[in-house]
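Residue-level structure breakdown
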Amino acid sequence: MPAVGPGTSIGGRYHLRQRLERTDRVERWEADDTTFGRRVVVTVLDADDPAAEAALDAARRASALTDPRLLPILDAGREGDLVHVVEAEVQGSTLTELLRDGGLPAPEARRIVLEVAEVLDRARGRGLHHLALTPDDVLRGRDGSVRLRGLAVQAALLGRDGDSDQAASRTDALGLAALLHAATTATWPGKDATSLQATPVVAGAPAPPSELVAAVPDDIEDLVRRALGRARGTDDQPQDPGAVADALRPATLPAPSPGSTGTSDRFPADPPTSDPSAGDRSGPVTAATSDTSGTTSPADAASSSGVASTAGVMGGAGGAGAATGSTPHRLADDLRKDVEHVPSRAEAAAIAAAGATAAGAKAAARRVGDLVDGASRRAEDRRRERETRRLETQPARVPLSTLADERPRRAEPVAPIFVNDVPTGTPSRRQANFVLALLAALVVLGLVLGVVGVMSMVNNIQRQLDAPPVGRTYTVTAPAVTITKGADGTVTTKPAAPTRAPGAPIAVVGVTAYDPEGQDHAENNDTVGNVHDGDTATYWRSQRYKTDAFGNLKSGVGLAVYLGDAHSDVSQIKLTLPDSAGEDLTVYGSDTPTKDGAAVLGTAKGARGEVTITVPAGQGKRPYIVVWFTNSPRMFGGNYAALSEISLS
């Protein structure tokens with residue numbers, strides 16, 4: 001595990017502030033970028049870790065992919081025994097945080113996962129994959145923007161970057177399906193760890209979303225079942241992020257109707273001939289839909305007024321489609337809405353001929369042609385009207401021909417500021433004499449100032465030469481010695497006085513909650529600053545437990561006090577404890593923010609109020625002081641471990 005703590009400097013510019021996440025090999029820290037004055041997130045691991053080189057290579061390749069939906073990688077490198085990867089600060093909330101109160105609405109879940117699928121599909125073209133997708137890696141900003149973090153780097157840290165491109169693409173596709181399941185149900189069907197509740201397993205597969213929440217769209221349900229279910233073969237599962245994006249992307253055109261004989265959603269294909277027998281193969285024309293007493297001839301239907309006649313012709317274009325409930329072609333709807341895309345006469349005639357009988361085909365085609373002509377005229381009128389409005393709203397422009405016809409004008413001279421300043425071509429004698437006198441005065445003034453400065457410098461040098469020698473003392477800090485030069489020129493040296501008097505207070509650089517046996521490893525880390533603010537009325541306390549022994553969940557909790565890289569030798573530790581039934585604690589001196597391998601500096605049993613621990617000689621020169629509480633006595637209306645103040649000297 002990397003030996004870092006609050007205040008550690010990485011790369012000479014990233015100062016660690018607070019640990020965000022820790023595993024057996026990797027730590028993620030919130031840090032300050034002192035070069036650009038911004039907050040960043042630094043991932044740190046040992047340089048001899050097997051995944052170190054792969055993580056550096058993945059970070060360099062991922063940083064070359066520019067996409068606003070990717071959390072940018074700002075820096076990566078090696079320094080001493082550490083390898084670090086620097087990302088931009090997280091703005092907004094992770095998907096895990098958004099799902100604490102339940103699943104998202106289906107449109108929002110679709111939008112978020114679609115954004116992630118599109119950016120992963122684009123990354124796949126560069127040979128980049130995520131391979132460890134969880135809700136913790138998806139961020140939604142305050143403005144609704146979606147960002148993905150951990151591209152390629154997370155796979156390298158977990159040792160999963162050896163898969164083929166096909167296998168990696170399929171892994172990301174299944175991860176997207178799991179992400180969609182989580183966004184809909186607030187449960188996690190994946191294998192990687194996350195704080196979400198695990199999805200129930202039914203018949204060896206995660207329960208479908210529709211069995212956990214209501215109103216799940218059919219396409220989302222189908223995508224999750226195909227990807228995560230066990231009943232279907234792997235060939236039916238999405239094979240890459242692009243397939244997931246296509247499944248989630250809303251359809252822009254309606255599917256062809258079952259009775260359609262054409263190849264387009266809007267118009268059927270032109271028939272090869274206008275043989276009236278084509279109508280016989282398609283079936284008889286259905287009468288106008290408003291006539292319920294019998295059938296009407298195509299000529300009568302075509303000659304009917306308004307749009308209803310056209311709708312009747314369109315209903316018959318699909319053969320028996322109108323009678324069986326199939327969706328008719330949209331030509332009548334387009335004409336009724338006066339759209340600007342007007343079908344040709346051939347297309348309209350084909351529509352009429354597809355369902356017309358031999359007796360009524362010509363009449364229906366002629367009526368449709370009249371409607372097409374009317375729609376064309378109306379579209380042209382609308383275009384002219386829009387062009388007129390556009391010209392009226394634009395600023396007036398002078399035609400180029402008008403400018404060419406204008407005669408050139410002679411520009412008038414600029415009026416002088418003063419009447420007497422009007423130039424006459426040659427300066428007068430009085431003006432010339434004034435300028436010469438001004439120049440002469442400036443030259444004389446410069447000479448006088450120069451002479452005075454030189455004389456002053458000479459006098460200062462002479463006074464220094466005439467002054468008798470005096471003893472001077474110089475103190476330097478590295479090495480800590482004092483150099484004394486006497487009046488006779490002799491030089492003596494002696495060690496300088498210590499910079500800190502014995503017993504003087506030692507400053508605390510930072511404090512972190514230490515909870516090695518907990519799930520979140522936090523224990524109210526946001527209040528640890530209260531233990532070194534000089535106010536005994538403020539305090540840090542652990543989470544609330546049910547018993548004096550931390551509810552039998554853990555053996556203890558504590559605080560790791562960081563003294564900085566240039567730490568001093570601690571000889572005495574004072575602890576101020578809140579009023580309670582008595583706390584049991586042990587104080588360690590450690591080289592890391594843990595008690596593993598640390599030296600015991602002192603213990604206390606049933607302590608309350610102020611406790612003083614005298615550090616054994618030679619044991620206090622450590623960068624960390626770990627205060628470890630082994631019980632949670634009754635206080636503040638519950639069972640807690642707590643500390644009000646710590647001071648070191």
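Residues numbered from 1 in each chain as written. Predicted model: local features only at pLDDT ≥ 70, side-chain atom pairs only at ≥ 80, totals over all residues. Heavy atoms only, no water.

Before going further, it helps to examine the nonpolar core. Grouped together as the largest cluster of nonpolar side chains are 57 residues, with contacts concentrated most on V116, V138, L148, L151, L176 and L248. Those elements that place two or more of their residues in this core are α1 (52–63), β6 (82–88), α3 (106–124), β9 (146–148), α4 (153–157), α5 (165–185), α6 (218–228) and α7 (241–248). Of the residues forming this core, the biggest block, 10 residues, is contributed by α3. If we skip the residues at most four places from it in the chain, L248 touches R110, V113, L114, L180, I220 and L223. Within the second largest apolar cluster, 32 residues are counted, among which are L559, V561, V615 and L643. (Core = buried A, V, L, I, M, F, W, Y, C linked by side-chain atoms within 4.5 Å. Buried < 20%, exposed > 50% of the residue type's maximum accessible area, 1.4 Å probe, protein only. Helix = DSSP H or I, 4+ residues; strand = E, 2+ residues; numbered from the N terminus. Contact = heavy atoms within 4.5 Å.)

Going through the model one piece at a time under the given rule, you end up with 28 salt bridges. A salt bridge links E53 to R78; its shortest N-O distance comes to 2.0 Å. Residue E53 is located in helix α1, and its partner R78 is located in strand β5 (residues 73–79); the two are separated by 25 residues in the primary sequence. By relative accessible area, E53 is classed as partly exposed at 47%. (Salt bridge = Lys/Arg side-chain N within 4 Å of Asp/Glu carboxyl O.)

Across the 8 residues of strand β21 (residues 583–590), 8 count as buried, placing the element largely inside the fold. Residues E583, L585, V587 and G589 line one face of β21 and the alternating positions D584, T586, Y588 and S590 line the opposite face, and both faces are buried. The pairing of β21 with strand β22 (residues 599–607) spans 6 bridges and is classified as antiparallel. Looking at the pairing, V587 lines up with G602 of β22. (Pairing = 2+ DSSP bridges.)

As a further point, take the side chain of E221. Note that E221 resides in helix α6. Residue classification places E221 among the buried residues on the basis of a relative accessible area of 10%. A distance of 2.8 Å separates polar atoms of two side chains, one belonging to E221 and the other to R225. Beyond its immediate chain neighbours, meaning those up to four positions away, E221 contacts P208, P209, S210 and V216. (Polar contact = N/O pair within 3.5 Å; in protein donor to acceptor, adjacent residues only side chain to side chain.)

Once that is clear, we can look at unusual backbone geometry. A positive phi angle, close to 70 degrees, is found at A152, a residue other than glycine. Checked against the element boundaries, A152 lands in the loop between β9 and α4. Of note, the phi angle at A215 is positive, near 60 degrees, even though the residue is not glycine. With respect to the helices and strands, the residue A215 is situated in the loop between β13 (205–206) and α6.

In this section: the confidence of the model for the chain. The share of residues in the chain with pLDDT of 70 or more is 68%, and the mean pLDDT across the chain is 76. Of the regions scoring below 50 in pLDDT, residues 252–342 engages in 102 contacts with residues more than four places distant in sequence or in other chains. The low-confidence segment residues 400–404 (pLDDT under 50) makes 1 contact with residues lying over four places distant or belonging to another chain. (pLDDT = per-residue confidence, 0-100.)

With that settled, the discussion passes to the layout of surface pockets. Considered as a void within the structure, the largest pocket measures approximately 2000 Å³ in volume. Considering the residues around the largest pocket, the lining is formed by 47 residues, among which L20, E21, R28, D136 and R149 are closest to the centre. With 5 residues, strand β2 (residues 14–22) is the single largest residue contributor to the lining of the largest pocket. The volume enclosed by the second largest pocket comes to roughly 600 Å³. Looking at the second largest pocket, it is lined by 24 residues, and the ones nearest its centre are L174, G175, P189, G190 and K191. Listed by contribution, the elements that provide at least two residues to the lining of the second largest pocket are α5, β13 and α6. Looking at which element gives the most residues to the lining of the second largest pocket, the answer is α5, with 6 residues. (1 Å grid on protein atoms, 1.4 Å probe; cavity = no way out; pocket = protein on both sides within 12 Å on 5 of 7 lines; lining within 4 Å. Points joined across faces, edges and corners; volume = space filled by probe spheres on them.)

Below, the discussion takes up the environment of R61. Note that R61 resides in helix α1. The exposure class assigned to R61 is partly exposed, which follows from its relative accessible area of 36%. Once you skip the residues sitting within four places of it in the chain, R61 turns out to touch G127 and L128.

This part covers the sheet that holds β22. Strand pairing within a sheet occurs via backbone hydrogen bonds; the two strands may be parallel or antiparallel. Across the sheet, which stays open at both edges, the 5 strands sit in the order β17-β19-β24-β21-β22 with antiparallel pairing between neighbours. Strand pairing shows two members of the sheet lacking a second neighbour, β17 (510–514) and β22, which therefore form its edges. In this sheet, neighbouring strand axes are inclined to one another by 15 degrees on average, regardless of whether the strands run parallel or antiparallel. Where β21 meets strand β24 (residues 624–629), 6 bridges bridge the pair, whose relative direction is antiparallel. By the bridge assignment for β24, G589 is matched with I625. (Axes fitted to C-alpha atoms, helices over the stretch in contact; angles between N-to-C directions.)

On the surface, a nonpolar cluster with roughly 630 Å² of combined accessible area is contributed by F434, V435, L436, L438, L439 and L442. Relative to the helices and strands, L439 is located in helix α16 (residues 429–466). Given a relative accessible area of 48%, L439 falls into the partly exposed group. (Patch = residues over 30% accessible without salt bridge, like charges linked within 9 Å, V, L, I, M, F, W, Y side chains within 5 Å. Areas by Shrake-Rupley, 256 points an atom, 1.4 Å probe, with all protein chains shown as cover.)

The next point concerns the packing of α6 against α7. Between α6 and α7, the shortest axis-to-axis distance is 10 Å and the interhelical angle comes to 155 degrees. One element, α6, and the other, α7, form an angle in the roughly antiparallel class. Here D219, I220 and L223 of α6 come into contact with α7, specifically with V244, A247 and L248. Residue composition of the contact of α6 with α7, by class: 5 nonpolar, no polar and 1 charged. (Parallel < 35°, antiparallel > 145°, perpendicular 65-115°, else oblique. Nonpolar A, V, L, I, M, F, W, Y, C, P; charged D, E, K, R; others polar.)

A separate point is the sheet that holds β9. Pairing is antiparallel across the open sheet formed by 3 strands, whose spatial order is β7-β8-β9. Across the chains shown, the open sheet's two edge strands, defined by having one partner strand only, are β7 (93–94) and β9. Sheet topology places β7 next to strand β8 (residues 138–140); 2 bridges connect them, and they run antiparallel. For T94, the partnering residue across the bridge sits in β8 and is L139. The strands touched by α3 within the sheet are β8 and β9, with β9 carrying the most contacts at an inclination of about 45 degrees.

Glancing now at α6. Those residues of α6 that sit buried are I220, E221, L223, V224, R226, A227 and L228. On its buried side, α6 packs onto α3, α5, β13 and α7.

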